[in-house]
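The primary structure of each chain is shown beneath.
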Amino acid sequence: MKRIAALAPILFLISCTFDYGEFDASERTMPDLIMENVEYVRVKSADPILRFRAERAERYEKQGIMNLEHFSFEQFSGRSEEINTSGSAGFASIDMKSRDILIDNGVRIEVESDDIILETVQLNWIDSQRLLFSGTENEVNVLQKNSTNFTGLGLRVDTRNRTWEFSGGVSGAIELEDIDEEE
């Protein structure tokens, strides 16, 4: 009887089959490459045009996506190393083919040439359309050094046409420069 009790677990394991299912690499949840404390500089004609830093970067080759944690970026203006735009967030997901970007978890973007700062929870960038937008219910704070400070819901910026619009809920103060009557 003791022999049968000892053989029972072995017979059970031998008679079991495990179905792991079919593995599709496109459904891979593990990154193909993980990097920590990353600094990346994009160069065009020997001049830096963009630099980003991240505490952690995960690259998924099959999906064509790179996820960044605790990242910052700097975009240079023209042929100089002068920074025109900078920003930071807790998370970003970049589509490496389309260059579309989801920025999330405490977004702050400063555009030096326009003297403007944007703060929000989440922004999306559609590269082919040069379009920056938040969710329709996301609150976006807009700040300038001249005391302009306002908040609105659902920001949409068409950078090609330099147009800004909010879906609603705009409030705050906008300071306009004095216009000389002779002009």
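Refer to the structure presented above.
Here we take up the layout of surface pockets. Considering only enclosed or pocket space, the largest pocket measures out at about 1300 Å³ in volume. Mapped by element, the contributors of at least two residues to the lining of the largest pocket are β1 (33-44), β2 (47-60), β3 (65-76), β4 (83-95), β5 (101-111), β6 (116-126) and β9 (149-158). A per-class count over the lining of the largest pocket returns 22 nonpolar, six polar and nine charged.

The next point concerns the packing of aromatic side chains. Counted under the stated rule, the structure contains three aromatic pairs. For the pair Y40 and F52, a centre-to-centre distance of 5.2 Å together with 35° between the ring planes defines the contact as tilted. Placement of Y40 in strand β1 and of F52 in strand β2 is noted, with a sequence separation of twelve residues between them. Classification of F52 as buried rests on a relative accessible area of 10%. Between F150 and F166 the ring centres are 5.9 Å apart and the planes differ by 75°, which places this aromatic pair in the edge-to-face class. With F150 in strand β9 and F166 in strand β10 (residues 163-173), this residue pair connects regions lying 16 residues apart in the sequence. Of the residues examined, F150 reaches a relative accessible area of 14% and is grouped as buried.

Right, let's get into the pattern of salt bridges. Throughout the structure, instances matching the rule amount to twelve salt bridges. For the salt bridge of E36 with R56, the shortest nitrogen-to-oxygen distance reads 3.3 Å. With E36 in strand β1 and R56 in strand β2, the pair connects residues that are 20 residues apart, well separated along the chain. Where R56 meets E58, a salt bridge forms, and the shortest distance between an N and an O atom there is 2.8 Å. Residues participating in the shared-partner salt-bridge network are E39, R51, R53 and E74.

Rules used throughout
- Residues numbered from 1 in each chain as written.
- Predicted model: local features only at pLDDT ≥ 70, side-chain atom pairs only at ≥ 80, totals over all residues.
- Heavy atoms only, no water.
- 1 Å grid on protein atoms, 1.4 Å probe; cavity = no way out; pocket = protein on both sides within 12 Å on 5 of 7 lines; lining within 4 Å.
- Points joined across faces, edges and corners; volume = space filled by probe spheres on them.
- Helix = DSSP H or I, 4+ residues; strand = E, 2+ residues; numbered from the N terminus.
- Nonpolar A, V, L, I, M, F, W, Y, C, P; charged D, E, K, R; others polar.
- Phe/Tyr/Trp six-rings, centres within 6.5 Å; stacked < 30°, edge-to-face > 60°.
- Buried < 20%, exposed > 50% of the residue type's maximum accessible area, 1.4 Å probe, protein only.
- Salt bridge = Lys/Arg side-chain N within 4 Å of Asp/Glu carboxyl O.

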